[in-house]
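Next come the chains, spelled out residue by residue.
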Amino acid sequence: MAIYVTLGGLRSAIFNEVMQFVLIWGGALLVPILGLVQAGGWSGLKRQIIANMGSSGDNYFHMWRTTGHFADNPMGVH
């Protein structure tokens, strides 16, 4: 009887963890994807930030300017 209860509890705990994993990652991926679609893609998001922030909105993209190539990285980290 104890083995039956232990295995049943373990099976339900594993099922619960797997279900939570799928739901959390699904939501974590769905929110930014839907946000980018609604904003008009990456370029639309940048355009909206600059439009809402004025000329200072371009300052929010300075961290991504050197991410295209390793040679452009100011820290020299590969």
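Residues numbered from 1 in each chain as written. Predicted model: local features only at pLDDT ≥ 70, side-chain atom pairs only at ≥ 80, totals over all residues. Heavy atoms only, no water.

A.B. asks: Tell me about the overall build of the chain, residues and numbers included.
C.D. replies: Counting its secondary structure elements, the chain contains 2 helices and 0 strands. For the chain, the exposed surface amounts to about 7,000 Å²; the carbon and sulfur share of it is 70%. (Helix = DSSP H or I, 4+ residues; strand = E, 2+ residues; numbered from the N terminus. Areas by Shrake-Rupley, 256 points an atom, 1.4 Å probe, with all protein chains shown as cover.)

A.B. asks: Kindly report on the packing of aromatic side chains, identifying the contributing residues and their values.
C.D. replies: Here the structure, examined in full by the defined rule, presents 1 aromatic pair. With a centroid separation of 6.4 Å and an interplanar angle of 55°, the aromatic rings of F21 and W25 are classed as tilted. Of this pair, F21 and W25 both sit in helix 1 (residues 2-39), 4 residues apart, which is roughly one turn of the helix. Residue F21 is classed as exposed on the basis of its relative accessible area of 53%. You can call W25 partly exposed: its relative accessible area is 48%. (Phe/Tyr/Trp six-rings, centres within 6.5 Å; stacked < 30°, edge-to-face > 60°. Buried < 20%, exposed > 50% of the residue type's maximum accessible area, 1.4 Å probe, protein only.)

A.B. asks: Could you give an account of helix 1, with specific residues and numbers?
C.D. replies: Under the 1.5 Å per step criterion, the end-to-end length of helix 1 is 55 Å for 38 residues, consistent within 8% with the ideal 56 Å. After helix 1 finishes, the residue G40 shows a positive phi value of roughly 95°. (Expected span 1.5 Å × (residues − 1).)

A.B. asks: I'd like a rundown of a nonpolar patch on the surface, residues and numbers included.
C.D. replies: A cluster of nonpolar side chains, contributed by I3, L7, L10, I14, V18, F21, V22, I24, W25, L29, I33 and V37, occupies part of the molecular surface with about 1,300 Å² of accessible area. You can see V22 is positioned in helix 1. (Patch = residues over 30% accessible without salt bridge, like charges linked within 9 Å, V, L, I, M, F, W, Y side chains within 5 Å. Salt bridge = Lys/Arg side-chain N within 4 Å of Asp/Glu carboxyl O.)

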